[in-house]
Amino acid sequence: MKATTDFIKMKQKAEKITMITAYDYPSAKLVEQAGTDLILVGDSLGMVVLGYESTVPVTMEDMIHHGKAVKRGAKDTFIVMDMPFMSYHLSSRDTLINATRLMQETGANAVKVEGADDVIDQIKILTNAGIPVMAHLGLTPQSVGVLGGYKVQGKSSDEAKLLVENALKCQAAGAFAIVLECVPMQVAKEVSERLEIPIIGIGAGSDTDGQVLVYHDIITYGVERVAKFVKQYTNVNEAISLAIDQYISEVRIGAFPELKHSFQMKPEEVKSLYG
Ligand code: KIV
Ligand code: NA
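In this text, all values refer to a predicted model and were calculated from it rather than measured experimentally.

On to the overall build of the protein. A count of helical and extended segments in the protein gives 12 helices and 8 strands. C-alpha atoms of the protein, sized along the principal axes, occupy 85 × 40 × 35 Å. Across the protein, every contact between residues at least 6 apart in sequence was considered, and the portion connecting residues at least 24 apart equals 58%.

Domain annotation for the protein reports domain 1 (4-234) and domain 2 (239-274). Spacing between the C-alpha centres of domain 1 and domain 2 amounts to 46 Å.

With that out of the way, let us pick up the pairing of strand E1 (residues 17-21). Burial runs high along E1: 4 of the 5 residues are buried. For E1 and strand E8 (residues 210-213), the ladder comprises 4 bridges, and the chain directions are parallel. Paired with Ile20 across the strands is Leu213, a residue of E8. In this structure, E1 lies alongside strand E2 (residues 38-41), joined through 3 bridges in parallel fashion. Residue pairing across strands places Thr21 opposite Leu40, the latter belonging to E2. Handedness of the crossover joining E1 and E2 through helix H2 (residues 25-33): right-handed.

Following both chains from N to C, one finds helix H8 (residues 157-173) and helix H9 (residues 185-194) inclined at 30°, their axes separated by 10 Å at the closest point. The angle between H8 and H9 places the two elements in the roughly parallel class. The handedness of the crossing between H8 and H9 comes out as right-handed. Between H8 and H9, the residues in contact are Ala160, Leu163, Val164, Ala167 and Leu168 and Val187, Glu190, Val191 and Arg194, respectively. In the contact of H8 with H9, the residues fall into 7 nonpolar, no polar and 2 charged.

What follows covers the pairing of strand E7 (residues 199-202). Of the two faces of E7, the one carrying Ile199 and Gly201 and the one carrying Ile200 and Ile202 are both buried. When strand E6 (residues 177-181) meets E7, the two strands line up parallel, connected through 4 bridges. Across the sheet, Glu181 pairs through a bridge with Ile202, a residue of E7. Tracing the backbone out of E6, into H9 and back to the parallel element E7 gives a crossover that is right-handed.

Rules behind the numbers
- Residues numbered from 1 in each chain as written.
- Chains lettered and ligands numbered in written order.
- Predicted model: local features only at pLDDT ≥ 70, side-chain atom pairs only at ≥ 80, totals over all residues.
- Helix = DSSP H or I, 4+ residues; strand = E, 2+ residues; numbered from the N terminus.
- Contact = placed C-beta atoms within 7 Å.
- Domains from an automatic or database assignment.
- Buried ≥ 20, exposed ≤ 12 C-beta atoms within 10 Å, placed from the backbone.
- Pairing = 2+ DSSP bridges.
- Right-handed = clockwise from strand over helix to strand, strands pointing away.
- Axes fitted to C-alpha atoms, helices over the stretch in contact; angles between N-to-C directions.
- Parallel < 35°, antiparallel > 145°, perpendicular 65-115°, else oblique.
- Left-handed = near helix turned anticlockwise from the far one by under 90°.
- Nonpolar A, V, L, I, M, F, W, Y, C, P; charged D, E, K, R; others polar.

Written as C-alpha cells, this is what we have:
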C-alpha cells in the first residue's frame, strides 16, 4: 500500500496518480484488482448508491457503513474517506471526533474535506493530530446550495487567483493532496505547478498530477446523465437490463431453470417416495 509521501514522490517523478471511488465490497475489490493508487469513499455515494439529490443528506453513519465494506474489499489500497456535510464545521472537537471515527471504525487511511476559509484551520488541527487530510477545492458539492448549482468554478482571473491562494493555504495547513473539481484547465495547470503536493483533478483537464472519477460514472451503472468531464468506458446498465429482462421472460415461459440448474434424487429414492 502506498503512503502519503509516495504520492508526493509520484508528483516529483511526473507519474500520474489514479483515484477512483468505491462504495461497497464488490466495487472496492474490482478497483483494487485494477491497481488504482487510491480509493475514495466519496460522499457521492449519497447520489449514486442512496438516491439522494445531493451529497448534503449523507451522514457519518452512512459513510462508516460504506467505508467498512470498502475496506473489506480493498485491504491493501490507500483509502480516503469523505467527511460528510457539517461534520467538520461545528467545532474542532467535533471535527477530530468525526475524523477519528471515520478512520478507526473503517480502517481508512485519510479523510477529505471540502472548502477553504475556516476549513483550513480544521485541516491544520487534523494533520497535527496525526490524521492525513486531502483537501477539495473548486466545485465543492456540499456547498451546492450556496454555489447555486454544479457549475465550473474559477473562470475569472480574480476567482482563479483566489483558488491558487486557497490551494497554497491548504498545503501550508498540512494537506497531503488536493482534489480540484470542475475548473478551467488553465487554472488547474497553474495550481499544479505552484504546489508541491499532488493535485488530483476531476473536470480540471489533463495538466493535474492525477485524476479521480466516480465508479458509477466510469461504467455507467445506475446513472443516466453524466457530467461533461466524465468518460464512460462501458455501459453496464445495458448488460444488467438485458440479463434481468431475459431472466424474467425465461421464468415466465418456463425456460429457466433447466435440468442443469436443478438437484436430483437417486432413482430408488424417487421410487420409494411415490410408493
Ligand atoms: O464524493 C466524491 O465522489 C468526490 C469526488 C468526485 C472527488 O468527492
Ligand atoms: Na465528495
